[in-house]
Amino acid sequence: MKQFCVTTVMGKRLIGKAMALYPDITGVLKKGTLVIIAGTTNGYVAEEILKSLGQAEGFSRKGFRRGVTVAPGAEVLKVDFPGDVVIIDGKWQKGKTIFDVLDDLRAGDIVLKGANAFDLGGQAAVQIGHPKGGTILAALSAVVGRRVQLIVPVGLEKRVFEDVNVLAQRCNVPEAKGPRLLPMPGKILTELDAIKLMTGAEACLLGAGGIYGAEGAAWLGVTGTLDQIQAAAELIQSVADEPPCEV
């Protein structure tokens, strides 16, 4: 085993790189519709996917978000919302959102939606601030109604101990305060999955936390053949200088 410290922004970049190589994604980029719903992790995903298509020009992660969590007292950049990233048959439809293509989504199409939590059983959940449920309820109408695939890119810092369905029950009672919580039926992809996909090595979470920019970081243990471990080391080193996420 070799151990690595992966910060949250390094993790976002790893997930983005892996999603650009994910077989279902590469397939729908040839024929079908891919909707990348705006969010901080999905900003890295969109960047890497658009780069793989040679269409990254004009895309910026700045403003590519709806809700956002920041430290107390932090100032959020004030920029116009650029829309989600909608790609149809390999062509980026600039400025469109999930709501523009929702009724046209069909089985075989894919929606990517970030999460605020995922549990040990691998189920994710998203916080809800919008009084009509926001983008996740729109996405679920296609996921449940027309078998559109939902994939959830999510960093390890979002892990929770309890079943997200139980947590949702607590958050959603009438007397509760703060965001609601909605469990999602999609397949999650974390840094662990990203390393496996790109190198073949197995990664596990050994510890977490730190300071001087390593707050929320994950200590990962990577096992495999010597070539796989070397590939993982090179992959992680390639994202080591990822700057702070300020969008």
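In this report, we go over the structure that sits alongside the text. (Residues numbered from 1 in each chain as written. Predicted model: local features only at pLDDT ≥ 70, side-chain atom pairs only at ≥ 80, totals over all residues. Heavy atoms only, no water.)

Helix and strand counts for the chain stand at eight helices and twelve strands. For the chain, whose C-alpha radius of gyration is 18 Å, the value lies close to the compact-globule estimate of 18 Å for 247 residues. Each principal axis of the C-alpha distribution contributes one length, and for the chain these read about 50 × 45 × 35 Å. Here the chain holds 247 residues, and the buried ones make up 47% of them. Considering only contacts within the chain whose residues lie at least 6 apart along the sequence, 73% involve residues at least 24 apart. By element, 54% of the accessible surface of the chain is carried by carbon and sulfur atoms, the whole surface being about 12500 Å². (Helix = DSSP H or I, 4+ residues; strand = E, 2+ residues; numbered from the N terminus. Rg over C-alpha atoms; globule rule 2.2 N^0.38 Å. Buried < 20%, exposed > 50% of the residue type's maximum accessible area, 1.4 Å probe, protein only. Contact = heavy atoms within 4.5 Å. Areas by Shrake-Rupley, 256 points an atom, 1.4 Å probe, with all protein chains shown as cover.)

Turning our eyes to something else, we now look at the pattern of salt bridges. For the structure shown, the criterion picks out eight salt bridges. Put simply, R13 and E242 hold a salt bridge, and the shortest N to O gap is 3.0 Å. Here R13 is found in helix α1 (residues 8-21), whereas its partner E242 is found in the segment after α8 (226-238), with 229 residues between them in sequence. According to the relative accessible area criterion, R13 is buried, its value standing at 9%. Taking the relative accessible area as the measure of exposure, E242 reaches 15% and is therefore buried. A salt bridge links E48 to K51; the shortest N-O distance between them is 3.5 Å. Residue E48 and its partner K51 are both found in helix α3 (residues 40-52); the two are separated by three residues, about one turn of the helix. Note on E48: relative accessible area 8%, which makes it buried. It is possible to trace a salt-bridge network through shared partners that takes in R13, E47, E48, K51, R61 and E242. (Salt bridge = Lys/Arg side-chain N within 4 Å of Asp/Glu carboxyl O.)

In space, the six strands of this open sheet follow the order β4-β3-β2-β5-β8-β10, with mixed pairing throughout. Every interior strand has two partners, whereas the edge strands, β4 (91-92) and β10 (187-189), have only one. Strand direction decides the pairing type here: strand β5 (residues 110-112) and strand β8 (residues 149-153), joined by three bridges, are parallel. Within the sheet, the bridge partner assigned to V111 lies in β8 and is L150. (Pairing = 2+ DSSP bridges.)

Let's shift gears to unusual backbone geometry. Across the chain, the bulk of peptide bonds are trans and the bulk of non-glycine residues have phi less than zero. Although it is not a glycine, D89 adopts a positive phi angle of roughly 50 degrees. Looking at the secondary structure, you find D89 in the loop between β3 (85-88) and β4.

Turning our eyes to something else, we now look at helix α7 (residues 191-199). Within α7 the residues assigned to the buried category are E191, A194, I195 and T199. Along the long axis of α7, the arc covered by the buried residues comes to 95 degrees, so they all point the same way. Looking one or two residues past α7, G200 carries a phi angle of roughly 85 degrees, positive in sign. (Arc of directions from axis to C-beta.)

Tracing the chain through its elements places R65 in the loop between α3 and β3. Within the local environment of R65, its side chain forms a polar contact with the backbone oxygen of L77, the two atoms lying 2.6 Å apart. (Polar contact = N/O pair within 3.5 Å; in protein donor to acceptor, adjacent residues only side chain to side chain.)

We now examine the sheet that holds strand β12 (residues 218-223). Strand order in the open sheet formed by three strands is β1-β12-β11, and the pairing between neighbours is antiparallel. Two strands close off the open sheet at either side, each with one partner strand: β1 (2-6) and β11 (202-208). Between one strand and the next, the sheet's axes are offset by a mean angle of 30 degrees, whatever the strand orientation. Where β11 lies against β12, six bridges are found, and the strand directions are antiparallel. Bridge pairing links A208 to A218 in β12. Most of the contacts of α7 go to β11, to which it runs at about 150 degrees, and overall it touches β11 and β12. Along the sheet, α8 contacts β1 and β12; its crossing angle with β1, the most-contacted strand, is approximately 20 degrees. (Axes fitted to C-alpha atoms, helices over the stretch in contact; angles between N-to-C directions.)

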